[in-house]
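# Structure assessment
Chain by chain, the residues run as shown.
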Amino acid sequence: MKAIKKITCIGAGYVGGPTMSVIAQKNPDIAVTVVDLNQARIAAWNDADLNNLPVYEPGLDAVVGEARGRNLFFDTDVDKAIREADMIFISVNTPTKTYGKGKGQAADLKFVELCARQIAAVATDDKIVVEKSTLPVRTAEALKNILENTGNGVNFRILSNPEFLAEGTAVTDLHNPDRVLIGGEDEEAIEALVNVYAAWVPRERILTTNLWSSELSKLVANAFLAQRVSSINAISELCEVTGANVDEVSRAIGQDSRIGPKFLKASVGFGGSCFQKDILNLVYIARSYNLTAVADYWEQVIIMNDHQKTRFAEKIIQTMYNTVNGKHIAFLGWAFKKDTNDTRESAAIYVADHLLDEEAEIVVYDPKVSAEQIYKDLDYLGSRSPEDNRRLLKVVDNPYEALAGAHAAAVLTEWDEFKAYDWAKIKEGMKRPSFVFDGRKLLDKKELNRLGFAYYAIGE
Ligand code: NAD
Ligand code: UGA
């Protein structure tokens, strides 16, 4: 099989953009084109000012700066990019279905299917088609059917190559992955993709499996990670009533090499575009095979996560004498974790919604999230009118402004800068008693208590 010379990626989002940027950076001989229907997104990827890239990830500006225009291109002409490519990655969104059968659980594959149909319609020579999006197990079968039945007699070989990067650390994860997973049936096609990654990933970290193991492993990896967070969050509630401290428990159990220290940080609940979506999908698949016990087992991870978000909001209300009506609560952070501008499924959205139902007045500061995005997240829930969301919740671009005159501060995202604030000065400007609710166990409890704050953290 001839070496891959041209790669196209359909979908210039959080996965397609960074992943293809690194592939291009490490393979200067391969021309990589990332295409998207969203013109504004492509324009932002092409922005001369690298601070304006549509995805904020530490180190991404340098990677794009190095490869863009050399062998990395962002474009809106999907047909042309399909026609010219030897290998096509599908990296479009696969959200939870919001309608019809499987509503609220199954993955919506309409965007993936549209890509397959477009590839089938446009391609005039053989292609390797790579599933980069996270997909239900056995999707490759459907893709193959679509490609073969509507194509122009072109030979399509399908691979599964799920992505394991985490947001906020995407560039280091891509540069130094624990493993790259490639599932497929065709040895030549597998080898072609292995060679792309072998430009920088040691061979022993490139795992090859059959298609179904690869597709399923992606869902299972996310389910196991999320399960650890829900497990420690469940224990955080027990800590609060028994006098144990959840950080100490995490450390004590994480030292056991069989358990390991990662993903044991109690929080206000996991967010992000994938954990919930992928577990719901796993649950749906298990139910569709009538595996009720399996489905119920994994569903509990989501139930626990919802409980944690509600519990945090309730804790705020209860502690503030059972009413937050008209009270000013400063939200520090809106993103679902630090070092990203992504807010999808962020716990902050649900905590805010709960407090707004009680007519709290929220002022949000997040170093990377825009006011427009925050209102979009709230309006999407449809809990109250857009006017009421804007009346009750304000967004500011200075943390001290958010905190001035506040009854309480709530830490929703673990941004490092929150630790470095002048908390003595903040205390002077806040109402008394001055409450701090730390949903990330981020701040220095001793120091805040010394300054006279009433400090509450998850899990202690
Ligand atoms: P995203 O929404 O950020 O990006 C998807 C892009 O695809 C959008 O810009 C959209 O306009 C584009 N698109 C949709 N249909 C298209 C079409 N027919 N033609 C051209 N462009 C089209 O999504 P994402 O976060 O990059 O996730 C993509 C996939 O990767 C999902 O399946 C997700 O589960 C998976 N994943 C995401 C992450 C993550 O950290 N976000 C990590 C691993 C895997
Ligand atoms: C996660 C996985 O870590 C990636 O491997 C995967 O590729 C990706 O999902 C995906 O498929 O989209 P991501 O959601 O970007 O990555 O970020 P994580 O670091 O996993 O954090 C997810 C959520 O869990 C965040 O809200 C985070 O704050 C929370 N979390 C994480 C905790 O509350 N405690 C922890 O100990 C770890």
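Our structure's up above, just so we're on the same page.
Residues numbered from 1 in each chain as written. Chains lettered and ligands numbered in written order. Predicted model: local features only at pLDDT ≥ 70, side-chain atom pairs only at ≥ 80, totals over all residues. Heavy atoms only, no water.

### Here we look at the site of ligand 1
What surrounds ligand 1 is a group of 25 residues, the closest being D36, R41, T94, E167 and K277. Between ligand 1 and the protein, one listed contact pairs an oxygen atom with a side-chain N or O atom of D36 at 2.6 Å. Considering only residue class, the shell around ligand 1 consists of nine nonpolar, nine polar and seven charged. (Near = heavy atom within 4 Å. Polar contact = N/O pair within 3.5 Å; in protein donor to acceptor, adjacent residues only side chain to side chain. Nonpolar A, V, L, I, M, F, W, Y, C, P; charged D, E, K, R; others polar.)

### Focus: the packing of helix α9 (residues 211–242) against helix α12 (residues 292–319)
Remark: α9 packs on α12, axes separated minimally by 9 Å, with the N-to-C direction vectors making an angle of 45 degrees. The angle between α9 and α12 falls in the class oblique. Two packed elements cross with a definite hand, and for α9 against α12 that hand is left-handed. Residues A223, F224, A226, Q227, S230, N233, A234, S236, E237 and E240 of α9 form the contact with α12, whose participating residues are Y297, W298, V301, M304, N305, H307, Q308 and R311. Taken together, the residues of the contact of α9 with α12 break down into eight nonpolar, seven polar and three charged. (Axes fitted to C-alpha atoms, helices over the stretch in contact; angles between N-to-C directions. Helix = DSSP H or I, 4+ residues; strand = E, 2+ residues; numbered from the N terminus. Parallel < 35°, antiparallel > 145°, perpendicular 65-115°, else oblique. Left-handed = near helix turned anticlockwise from the far one by under 90°. Contact = heavy atoms within 4.5 Å.)

### Observations concerning the site of ligand 2
Taken together, 20 residues are adjacent to ligand 2, and F164, L165, E167, S267 and R440 come closest. A distance of 2.7 Å is found between an oxygen atom of ligand 2 and a backbone nitrogen or oxygen belonging to L165. G271 is positioned with one of its backbone polar atoms (N or O) 2.9 Å from an oxygen atom of ligand 2. Coverage of ligand 2 by the protein chains reaches 89% of its 700 Å² of free accessible surface. Tallied by class, the residues present in the shell around ligand 2 amount to eleven nonpolar, three polar and six charged. (Areas by Shrake-Rupley, 256 points an atom, 1.4 Å probe, with all protein chains shown as cover.)

### Let's talk about helix α11 (residues 275–288)
The terminal C-alpha atoms of α11 lie 20 Å apart, and with 14 residues this matches the ideal 20 Å at 1.5 Å per residue to within 8%. Taken across its 14 residues, α11 has eleven buried, putting it largely inside the fold. Of the residues making up α11, those classed as buried are F275, Q276, K277, D278, I279, L280, N281, L282, V283, I285 and A286. (Expected span 1.5 Å × (residues − 1). Buried < 20%, exposed > 50% of the residue type's maximum accessible area, 1.4 Å probe, protein only.)

### Focus: the pattern of salt bridges
Under the defined criterion, the tally for this structure stands at 32 salt bridges. Here K80 and E84 are joined by a salt bridge, their closest N and O atoms 4.0 Å apart. Taken together, the residues K80 and E84, both in helix α4 (residues 78–84) and four residues apart, mark about one turn of the helix. Overall, E84 belongs to the partly exposed group, its relative accessible area being 40%. Between E240 and R311 there is a salt bridge; the shortest N-O distance is 2.8 Å. Pair noted here: E240 is in helix α9 and R311 is in helix α12, with a separation of 71 residues, a long-range link. Salt bridges sharing partners connect three or more residues here, namely D247, K265, K441, K445 and E460. (Salt bridge = Lys/Arg side-chain N within 4 Å of Asp/Glu carboxyl O.)

### Quick look at the environment of K446
For K446, the location among the structural elements is in helix α18 (residues 445–450). Taking the C-alpha atoms as reference, K446 lies 32 Å from A166; in sequence the two are 280 residues apart.

### What about unusual backbone geometry?
Between R432 and P433 the backbone carries a cis peptide bond, its omega angle lying at -10 degrees. The topology assignment puts P433 in the loop between α17 (423–429) and β13 (435–438). One non-glycine residue, D339, adopts positive backbone phi at about 65 degrees. Position of D339 relative to the elements: it lies in the loop between β9 (328–332) and α13 (347–357). The class for D339 is partly exposed, based on a relative accessible area of 22%.

### Quick look at the pairing of strand β12 (residues 408–411)
Burial of β12 is two-sided: the residues A408 and A410 facing one way and the residues A409 and V411 facing the other way are all buried. Of the pairings in the sheet, the one linking β9 to β12 comprises four bridges and is parallel in character. By the bridge assignment for β12, A330 is matched with A409. Two strands pair when backbone bridges link them, and β12 and β13 are joined in this way by four bridges, in the parallel orientation. (Pairing = 2+ DSSP bridges.)

### What to know about the pairing of strand β2 (residues 31–35)
With respect to burial, β2 is a largely interior element, four of its five residues being buried. As paired strands, strand β1 (residues 6–10) and β2 are joined by five bridges and run parallel to one another. Along β2, the bridge assignment pairs I7 with V32. Chirality of the crossover, the property in question, places the unit of β1, helix α1 (residues 16–26) and β2 among those that are right-handed. Here four bridges tie β2 to strand β3 (residues 72–75), and the two strands are oriented parallel to one another. Residue pairing across strands places V34 opposite F74, the latter belonging to β3. (Right-handed = clockwise from strand over helix to strand, strands pointing away.)

### Considerations on the sheet that holds β2
With mixed pairing, the eight strands of this open sheet are ordered in space as β3-β2-β1-β4-β5-β6-β7-β8. Sheet topology places β3 and β8 (206–209) at the edges, where each strand pairs with a single neighbour. Neighbour-to-neighbour, the strand axes of this sheet turn through a mean angle of 25 degrees, independent of strand direction. Bridging between strand β5 (residues 127–131) and strand β6 (residues 156–160) involves five bridges; their strand directions are parallel. Its bridge partner being in β6, V129 is matched across the sheet by I158. This element, α1, spans β1, β2, β3 and β4 (87–90) of the sheet and lies at about 170 degrees to β2.

In short, the description is geometric, and any link to function would need to be established separately.
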